[in-house]
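Per-entry structural report
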Amino acid sequence: MILSRYERMIARRYLLPGKGEAFIFLVASISLVAVMLGVAALIIVMSVMNGFRAELFDKIVGLNGHAVVQGIGGRLPDWRDIVAQAKATPGVTRAVPMIEQPLMTTYNGRVEAVLVRGMRVEDIRRNSTIQNKIVLGSLASITAGSGRIAIGSRLAEALGAQVGSSITLVNPAGATTPFGTMPRYVAYTVGAIFEIGVYDYDKAYVVMPIEDAQTLLLLGDNVGMVELQTTDADKVDQILRPLAQKIGGRGLIADWRTMNAQLFEALAVERVAMFTVLSIIILVAVFNILSSLIMLVRAKTRDIAILRTMGATRGGLMRIFMVVGTTIGALGTIAGLGLGFVFLFYRQGVVNFIQLVTGQNLWDPSIRYLTELPSKTDPVEVTVITLMALIFSFLATLYPAWKAASTDPVQVLRYE
């Protein structure tokens, strides 16, 4: 919007408080602050929601893969053939045989439910989700037949176990005797403790070599499933369709959408709902801009009439008031961007400070899944939020600007 020199001068004058205009300036300042808070709130909430989804996706998929081939009855006898067929399928980057079984563990009188996962030693060490999250011990000590395992940090806390502690895994489906089925009690040494960052995983997972898991669970040479990684998680069903036809009735393929459908759908719905609700804050701020401009027009009616008699056009007056309102919205948007990014940078410190002041645990990992408040800012969303605030601010200026341009100088100055 191109303004002439006198239009720019008048617009600057109307942006600053004049004599007797402190209340109008206060309302305009409140409008600016409201836009700032609305933009900041939208950026913070949307970035946190994106961070939730990204962190959960990376850690869940990093540990469970994009899909799994599950054996009928929980066993895959010909898993080597399935692994070979999966690796030969275009788009499949990794096929990992594994065993996963819920069991119980005991240590010093404490009992916890665990999820035992058996993997080949090379696959354990190659899994970045586990390898990069070791807090104590080393994966190098975990080898087939060594009797060493890796456990989650929360499980270690619950049991009171450390690296080198000997914990006992209990398999209820043990050997059959004349007196019934006897549970198997097998002791293992903790060789490493990992912290993935997802509470449920850190509280339950026990990772061991696949050979040791087969011995513990009496599976022979069978595995429970084959984990699959693909080139594109969003197209996993298309990539694995040929493999599903080859496998036939030997196993069932379940992708990450099926296994975590409720969680990711809930996040998507909540994300849309939060965006819609928080957008109302910007609308409220826009109405504040509208009211402050209407008050400014009423206060400047005499000035507007004089400008009209001096040759100011209707279009020029409209541009002046449109620039005033849009400037308030733009300044509020810029301030909101800055406030939002500062909050996101210090988000965990803010959470810790509020917890310290209130004495309340605002971030319980057992409820929130993740151990820390995540954040992932999407540039496209930031652009949309910015444009939305600017467009709404511009639209709010149209009526006051039209009202100012429609002022009849004869009627105004008749009684002056």
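Residues numbered from 1 in each chain as written. Predicted model: local features only at pLDDT ≥ 70, side-chain atom pairs only at ≥ 80, totals over all residues. Heavy atoms only, no water.

**Re the overall build of the chain**
Threshold: Helix and strand definitions here come from DSSP, where helices need a minimum of 4 consecutive H or I residues and strands a minimum of 2 consecutive E residues; each element is numbered from the N-terminal end. Here the radius of gyration uses the C-alpha set of atoms, whereas the globule reference equals 2.2 Å times the residue count to the power 0.38. Contact between two residues is taken to exist if any of their heavy atoms lie within 4.5 Å; hydrogens are not considered. With residues, only the protein chains shown are counted as cover, and all accessible areas are computed by Shrake-Rupley using a 1.4 Å probe. Charge convention: Lys and Arg are scored as positive, Asp and Glu as negative, and His as well as the terminal groups of each chain are ignored. Where a charge lies is defined by one atom per residue type: Lys uses NZ, Arg uses CZ, Asp uses CG and Glu uses CD.
Helix and strand counts for the chain stand at 17 helices and 10 strands. Relative to the compact-globule value of 22 Å for 416 residues, the chain shows a C-alpha radius of gyration of 32 Å, a clear excess of over 25%. Referenced to the eigenvectors of the C-alpha coordinate spread, the extents of the chain come out at roughly 115 × 50 × 35 Å. Long-range contacts, defined as pairs at least 24 residues apart, comprise 78% of the intrachain contacts of the chain with a sequence gap of at least 6. Accessible surface, the chain as shown: approximately 20,600 Å² in total, 61% of it carbon and sulfur. Positive and negative side-chain charges in the chain, numbering 38 and 31 respectively, have mean positions lying 10 Å apart.

**Section: the side chain of D212**
Formally: When accessible area is computed with a 1.4 Å probe and restricted to protein chains, residues below 20% of their type maximum are described as buried, those above 50% as exposed, and intermediate ones as partly exposed. The working definition used for a salt bridge is a side-chain nitrogen of Lys or Arg within 4 Å of a carboxyl oxygen of Asp or Glu.
Tracing the backbone through its elements, the reader meets D212 in helix α8 (residues 210-217). The buried charged residue D212 lacks any salt bridge partner; its closest oppositely charged side chain belongs to R184, at an N-O distance of 9.8 Å. Here D212 is in contact with T143, A144, G145, S146, G147 and Y188, once residues within four sequence places are set aside.

**Considering the pattern of salt bridges**
Tallied over the full model, the rule gives 7 salt bridges. Taking the shortest distance from any N to any O, the salt bridge between R94 and E227 comes out at 2.6 Å. Of this pair, R94 sits in strand β2 (residues 92-107) while E227 sits in strand β9 (residues 225-230), placing them 133 residues apart in sequence. Owing to a relative accessible area of 24%, R94 belongs among the partly exposed residues under this scheme. Across the pair D123 and R120 runs a salt bridge whose closest N-O atoms are separated by 2.8 Å. Under the relative-accessibility criterion, D123 is labelled buried at 4%. Counted as one network, the salt bridges with shared partners bring together R120, E122, D123 and R126.

**A word on the nonpolar core**
This is how the line gets drawn: To form a nonpolar core, buried Ala, Val, Leu, Ile, Met, Phe, Trp, Tyr and Cys residues must be joined to one another through side-chain atoms within 4.5 Å.
Membership of the largest hydrophobic core comes to 113 residues, with the highest contact counts inside it found for I151, V226 and F321. Ranked by residues supplied to this core, first place goes to helix α2 (residues 22-64) with 18 residues. Residues in contact with I151, not counting those within four places in the same chain, are A156, I167, V190, A192, I193, F194, Y205 and V206.

**Brief notes about the packing of aromatic side chains**
Worth spelling out the cut-off: The pairing test for Phe, Tyr and Trp rings, Trp by its six-membered ring, is centres within 6.5 Å, and the orientation test on the planes gives stacked under 30 degrees, edge-to-face over 60, and tilted for anything in between.
Summed over all chains, the structure comprises 3 aromatic pairs. The interplanar angle of 90° and the centroid separation of 5.1 Å between the aromatic rings of Y201 and Y205 together place this pair among those described as edge-to-face. Residue classification places Y201 among the buried residues on the basis of a relative accessible area of 11%. For Y205, a relative accessible area of 3% gives the class buried. Note on Y399 and W402: the rings are 6.1 Å apart at their centroids and 35° apart in plane angle, and the pair reads as tilted. Remark: W402 and Y399 occur in helix α16 (residues 379-405); sequence separation between them is 3 residues, near one turn of the helix. On the basis of relative accessible area, Y399 is assigned to the partly exposed category, the value being 44%.

**Digging into the packing of helix α13 (residues 314-345) against α16**
The condition is simple: To get an axis, a line is fitted to the C-alpha atoms, and for a helix only the part in contact is used. The angle between two axes follows their N-to-C directions and goes from 0 to 180 degrees. For this classification, under 35 degrees means roughly parallel, over 145 means roughly antiparallel, 65 to 115 means roughly perpendicular, and everything else is oblique. Two helices cross in a left-handed way if the nearer one is turned anticlockwise from the farther one by less than a right angle. They cross in a right-handed way if the turn is clockwise.
At a closest axis distance of 8 Å, the pairing of α13 and α16 adopts a crossing angle of 155°. With respect to their mutual orientation, α13 and α16 come out roughly antiparallel. Both α13 and α16 take part in a crossing whose hand is right-handed. Contacts between α13 and α16 pair R314, L317, M318, F321, M322, G325, T326, G329, A330, T333, L337 and F341 from the former with V382, T386, A389, L390, S393, F394, T397, L398, A401, W402, A404 and A405 from the latter.

**Topic: the side chain of T105**
Let me state the cut-off plainly: We call two N or O atoms a polar contact when they sit within 3.5 Å, provided that within protein one can donate a hydrogen and the other can accept it, with sequence-adjacent residues counted only if both atoms are side-chain atoms.
Checked against the element boundaries, T105 lands in strand β2. Among the polar contacts made by the side chain of T105, one reaches the main-chain carbonyl oxygen of T168 at a distance of 3.0 Å. Excluding residues within four positions of it along the chain, T105 makes contact with R110, V111, E112, V114, L155, L159, I167, T168 and L169.

**Examining α16**
Residue pairs spaced three or four apart in an α-helix point in one direction, given the helix's 3.6 residues per turn. So the rule is basically this: How far a helix is expected to stretch is found by multiplying one less than its residue total by 1.5 Å. Bend is computed residue by residue as the angle between axes fitted to the seven residues ending at the residue and the seven residues starting at it.
Here α16 is 27 residues long and its end C-alpha atoms lie 38 Å apart, about the 39 Å a rise of 1.5 Å per residue gives. Bending of α16 peaks at approximately 30° at the position of L398, with proline P400 no more than four residues after it. You can read the cap of α16 off the contacts: a side-chain oxygen lies 3.1 Å from the backbone nitrogen of V380, and it is on D378.

**Considerations on the pairing of strand β8 (residues 205-209)**
In plain terms, the rule: Should DSSP find at least two bridges between two strands, the strands are taken to pair.
Counting buried positions over the 5 residues of β8 gives 5, a clear majority of the element. Of the pairings in the sheet, the one linking strand β3 (residues 110-119) to β8 comprises 5 bridges and is parallel in character. Across the sheet, the residue bridging to M119 is P209, located in β8. Inspection of the sheet shows strand β5 (residues 148-152) paired to β8 by 2 bridges, in the antiparallel sense. Bridge pairing links I151 to V206 in β8.

**Focus: the packing of helix α12 (residues 301-309) against α13**
Formally: Lys, Arg, Asp and Glu make up the charged group, whereas Ala, Val, Leu, Ile, Met, Phe, Trp, Tyr, Cys and Pro make up the nonpolar group; the residues left over, Gly among them, are polar.
Viewed as axis vectors pointing N to C, α12 and α13 meet at an angle of 140°, and their least axial separation amounts to 10 Å. For the pair α12 and α13, the crossing hand works out as right-handed. Across the interface between the two elements, I304, L307 and R308 from α12 touch R314, L317 and F321 from α13. The residue inventory of the contact of α12 with α13, partitioned by class, reads 4 nonpolar, no polar and 2 charged.

**Here's the deal with the environment of A28**
Structurally, the position occupied by A28 is in helix α2. Judged by its relative accessible area of 17%, A28 is buried. As a C-alpha pair, A28 and A156 span 128 residues in sequence and 57 Å in three-dimensional space. Excluding residues within four positions of it along the chain, A28 makes contact with S292 and I328.

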